[in-house]
Amino acid sequence: MRRKGLAFMAVQTHEKPAGDTVSLGPASALSCRECGERFPLGPIFACEACFGPLEIAYDLPTGDPEGLRRRIEAGPNSIWRYAPLLPVPADVVDRPATSTNPGFTKLVEARNLARELGVTGSLHIKDDSGNPTHSFKDRVVAIAVEAARAFGFTTLSCSSTGNLAGAVGAAAARAGFRSCVFIPHDLEQGKVVMAAVYGGELVGIEGNYDDVNRFCSELIGDPLGEGWGFVNVNLRPYYGEGSKTLAYEICEQLGWRLPDQLVVPIASGSQLTKIDKGLKELIALGLVEDRPYRIFGAQAEGCSPVSRAFKDGHDVVRPVRPDTIAKSLAIGNPADGPYVLDIARRTGGAVEDVDDGRIVDAIKLLARTEGIFAETAGGVTVGVTKKLLEDGVLDPSLTTVVLNTGDGLKTLDAVAPTTGPTATIRPSLEAFRAAGLA
Ligand SMILES: *Cc1c(COP(=O)(O)O)cnc(C)c1O
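Residues numbered from 1 in each chain as written. Predicted model: local features only at pLDDT ≥ 70, side-chain atom pairs only at ≥ 80, totals over all residues. Heavy atoms only, no water.

**Notes on the pattern of salt bridges**
And step 1. Within the structure shown, the criterion is met by 30 salt bridges.
And step 2. Glu146 serves as the salt-bridge partner of Arg95, at 2.7 Å between the closest nitrogen and oxygen. In this pair, Arg95 is assigned in the loop between helix H1 (65-73) and strand E4 (106-109) and Glu146 in helix H3 (residues 137-151), connecting sequence segments 51 residues apart. Exposure class is identical for Arg95 and Glu146. Each is buried.
And step 3. A salt bridge links Arg139 to Asp128; the shortest N-O distance between them is 2.7 Å. You can see Arg139 sitting in helix H3 and its partner Asp128 sitting in the loop between strand E5 (122-127) and H3, a full 11 residues away along the chain.
And step 4. In this structure Arg139 comes out as buried when scored by relative accessible area, which is 0%.
And step 5. Overlapping salt bridges, with partners in common, bring together Glu55, Glu241, Lys244, Lys274, Lys277 and Glu281 in one network. (Salt bridge = Lys/Arg side-chain N within 4 Å of Asp/Glu carboxyl O. Helix = DSSP H or I, 4+ residues; strand = E, 2+ residues; numbered from the N terminus. Buried < 20%, exposed > 50% of the residue type's maximum accessible area, 1.4 Å probe, protein only.)

**So, the site of the ligand**
And step 1. Surveying the vicinity of the ligand reveals 15 residues, the closest of which are Lys137, Ser268, Gly269, Gln271 and Thr405.
And step 2. Between an oxygen atom of the ligand and a side-chain N or O atom of Asn163, the distance comes to 2.9 Å.
And step 3. In the model, an oxygen atom of the ligand is placed 2.8 Å from a nitrogen or oxygen of the Gly269 main chain.
And step 4. Protein chains shield 98% of the accessible area of the ligand, which is 380 Å² for the free molecule.
And step 5. Classifying every residue of the shell around the ligand gives 6 nonpolar, 7 polar and 2 charged. (Near = heavy atom within 4 Å. Polar contact = N/O pair within 3.5 Å; in protein donor to acceptor, adjacent residues only side chain to side chain. Areas by Shrake-Rupley, 256 points an atom, 1.4 Å probe, with all protein chains shown as cover. Nonpolar A, V, L, I, M, F, W, Y, C, P; charged D, E, K, R; others polar.)

**Regarding the packing of aromatic side chains**
And step 1. Per the stated rule, a full pass over the model turns up 4 aromatic pairs.
And step 2. A ring pair is formed by Tyr82 and Tyr248, whose centres lie 5.1 Å apart and whose planes are at 50°; its orientation type is tilted. With Tyr82 in the loop between H1 and E4 and Tyr248 in helix H8 (residues 244-253), the pair connects residues that are 166 residues apart, well separated along the chain.
And step 3. Its relative accessible area of 1% is what places Tyr82 among the buried residues.
And step 4. For Tyr248, a relative accessible area of 0% translates into the label buried. (Phe/Tyr/Trp six-rings, centres within 6.5 Å; stacked < 30°, edge-to-face > 60°.)

**Notes on helix H6 (residues 209-220)**
And step 1. Taking 1.5 Å per residue as the helical rise, H6 with its 12 residues ought to reach 16 Å, and the 17 Å between its terminal C-alpha atoms agrees with that figure.
And step 2. Three or more residues of H6 are buried, namely Tyr209, Asp210, Val212, Cys216, Leu219 and Ile220.
And step 3. Those residues of H6 hidden inside the fold are in contact with strand E6 (155-159), strand E7 (178-184), strand E8 (201-205) and strand E9 (228-230).
And step 4. The N-cap residue of H6 is Asn208: its side-chain oxygen and the backbone nitrogen of Asp210 are 3.0 Å apart. (Expected span 1.5 Å × (residues − 1). Contact = heavy atoms within 4.5 Å.)

**Observations regarding helix H9 (residues 270-284)**
And step 1. The end-to-end C-alpha distance of H9, which contains 15 residues, comes to 21 Å, matching closely the 21 Å that a straight helix rising 1.5 Å per residue would cover.
And step 2. Burial in H9 covers these residues: Ser270, Gln271, Leu272, Thr273, Lys274, Ile275, Asp276, Lys277, Gly278, Leu279, Glu281 and Leu282.
And step 3. Once H9 finishes, Gly286 follows within two positions and takes phi at roughly 75°, a positive value.

**Some remarks on the nonpolar core**
And step 1. Core analysis: the largest hydrophobic core is formed by 119 residues, its most contacted members being Tyr238 and Leu279.
And step 2. The element that contributes the greatest number of residues to this core is H3, accounting for 10 residues.
And step 3. Setting aside anything within four residues of it in sequence, one finds Leu279 in contact with Ala247, Cys251, Leu258, Leu262, Tyr293 and Ile295.
And step 4. Ranked by size, the runner-up nonpolar core spans 12 residues in total, among them Phe45, Ala46, Cys216 and Phe230. (Core = buried A, V, L, I, M, F, W, Y, C linked by side-chain atoms within 4.5 Å.)

**Section: the pairing of strand E13 (residues 399-404)**
Side-chain direction in a regular strand flips from residue to residue, so the side chains alternate between the two faces of the sheet.
And step 1. A large share of E13 lies buried, amounting to 6 of its 6 residues.
And step 2. Alternating positions in E13 separate into two faces, Thr399, Val401 and Leu403 on one and Thr400, Val402 and Asn404 on the other, with burial throughout.
And step 3. Across 6 bridges, the pairing between E5 and E13 is parallel. Looking across to E13, one finds that Leu123 is bridged to Thr400.
And step 4. Note: strand E10 (residues 261-265) against E13, 3 bridges, orientation parallel. Across the sheet, the residue bridging to Val263 is Val402, located in E13. (Pairing = 2+ DSSP bridges.)

**Details of the packing of H8 against H9**
And step 1. Packing of H8 against H9 leaves a shortest axis separation of 7 Å and a crossing angle of 50°. Considering their axes alone, H8 and H9 lie oblique with respect to each other. Like other packed secondary-structure pairs, H8 and H9 cross with a definite hand, here right-handed. Along its contact with H8, which presents Lys244, Leu246, Ala247, Tyr248 and Cys251, the element H9 presents Gln271, Lys274, Ile275, Lys277, Gly278, Leu279, Glu281 and Leu282.
And step 2. Across the contact of H8 with H9, the residue classes break down as 7 nonpolar, 2 polar and 4 charged. (Axes fitted to C-alpha atoms, helices over the stretch in contact; angles between N-to-C directions. Parallel < 35°, antiparallel > 145°, perpendicular 65-115°, else oblique. Left-handed = near helix turned anticlockwise from the far one by under 90°.)

**Topic: unusual backbone geometry**
Generally, phi is negative for residues other than glycine and the peptide bonds are trans, each holding for most cases.
And step 1. A positive phi is found at His134, a non-glycine position, where the angle reads about 65°.
And step 2. With respect to the helices and strands, His134 occurs in the loop between E5 and H3.
And step 3. Residue His134 is classed as partly exposed on the basis of its relative accessible area, which comes to 31%.
And step 4. At Trp256, a position not held by glycine, the phi torsion is positive, near 55°.
And step 5. As for its placement among the helices and strands, Trp256 is situated in the loop between H8 and E10.

**Here we look at the side chain of Glu375**
And step 1. Within the secondary structure, Glu375 sits in the loop between helix H12 (356-370) and helix H13 (376-390).
And step 2. For Glu375, the side chain forms a polar contact with the side chain of Lys191, separated by 3.3 Å.
And step 3. Polar side-chain contacts of Glu375 include one of 2.9 Å to the backbone nitrogen of Ala377.
And step 4. When residues no more than four places from it in sequence are discounted, the contact partners of Glu375 are Asn163, Lys191, Ser328, Ile363, Asn404, Gly406, Asp407, Gly408, Lys410 and Thr411.

Take a look at the structure:
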């Protein structure tokens with residue numbers, strides 16, 4: 001067992017009464033990723049037997065791929081079109097007023113960027129800045145909210161690097177939960193304002209994300225946290241499944257085809273592992289043809305514990321103290337790090353990192369070539385894509401999908417120092433002529 005130190009937390013008093021079994025669509029049980037032990041669906045996240053992390057096991061609708069594909073295509077333009085593959089009640093599609101209804105974001109073919117980077121195959125940006133709170137986090141939160149409802153929680157909470165706090169605030173407001181979320185005290189203004197504006201409680205913690213996360217783990221075990229659903233802690237198995245919808249959408253938008261290469265950002269590593277899970281499910285269900293795909297992980301050099309382990313050939317991840325402008329990815333002790341390493345190695349991918357200068361350059365490159373203004377996390381994936389192409393690791397002749405998981409307006413601080421007006425002039429033609437821009 002590689003994941004020592006993760007304490008098992010049974011959620012005591014706010015569990016639904018015994019005998020009242022929870023039904024969440026095709027989800028059949030929680031299953032331990034390390035030892036395979038199974039548990040009934042509930043607000044637990046670690047295996048009682050070995051402390052390994054739990055994930056959702058399913059009875060998926062196999063047998064009629066054509067029927068399933070038609071059903072998905074006839075569904076709403078949100079993640080709920082994939083409800084038959086998610087741990088949510090089937091009626092979720094009938095009550096859009098209780099969800100932020102994220103997903104079905106644009107898959108943009110990036111021809112200008114491809115030309116600039118020497119890509120001869122096709123290059124696509126999966127642009128998740130189009131979600132309700134402008135990051136991919138709305139996907140994971142939407143699933144966690146359905147679990148919170150099923151388990152009878154009344155307060156939604158999380159430890160966040162910024163984007164998650166906003167997504168929880170918005171989802172709670174819409175679904176009628178109280179919310180109280182926790183962030184490191186020194187986040188970008190855009191993140192703090194977006195986390196606060198939805199009217200829930202927002203608490204800045206004097207420390208980094210790993211300190212915030214440790215604090216939340218203590219709160220779960222304390223009577224103070226009773227009745228609270230922490231979307232990324234005690235609801236983590238459900239939350240994680242939201243990331244599968246990125247894999248589903250990418251394949252559907254490519255015409256029910258697997259991409260050859262994906263470049264995915266890593267914070268805790270959850271998203272990357274669930275994208276792999278989603279792709280494997282589509283293959284198993286017969287919705288896409290089974291061919292090899294490669295998954296590449298992207299980190300900022302100032303917080304690159306997984307990249308370091310990959311390059312050193314290790315299968316454990318040594319925690320680091322983050323120092324990077326890519327604050328949404330600044331998790332120094334990534335819970336899913338070892339699984340990310342497994343996936344990168346198994347699929348023939350890699351994990352790479354870029355420094356802050358290259359992150360800013362990549363944000364500007366994507367904006368200049370495709371008119372997409374990415375969050376720093378998007379600067380990380382585009383920067384890593386460029387580096388992997390330069391190093392001959394990514395194959396330029398194939399179909400590649402690069403994730404942009406957030407909106408550049410949230411991280412203006414990263415580009416503001418090097419971006420501004422070309423000139424500031426008096427309102428006269430003479431002054432404009434003198435500026436030499438005509
Ligand atoms: C949270 C987040 C991610 C990925 O997080 P994981 O913990 O690895 O799932 C990626 N991009 C942005 C912008 C995020 O906020």
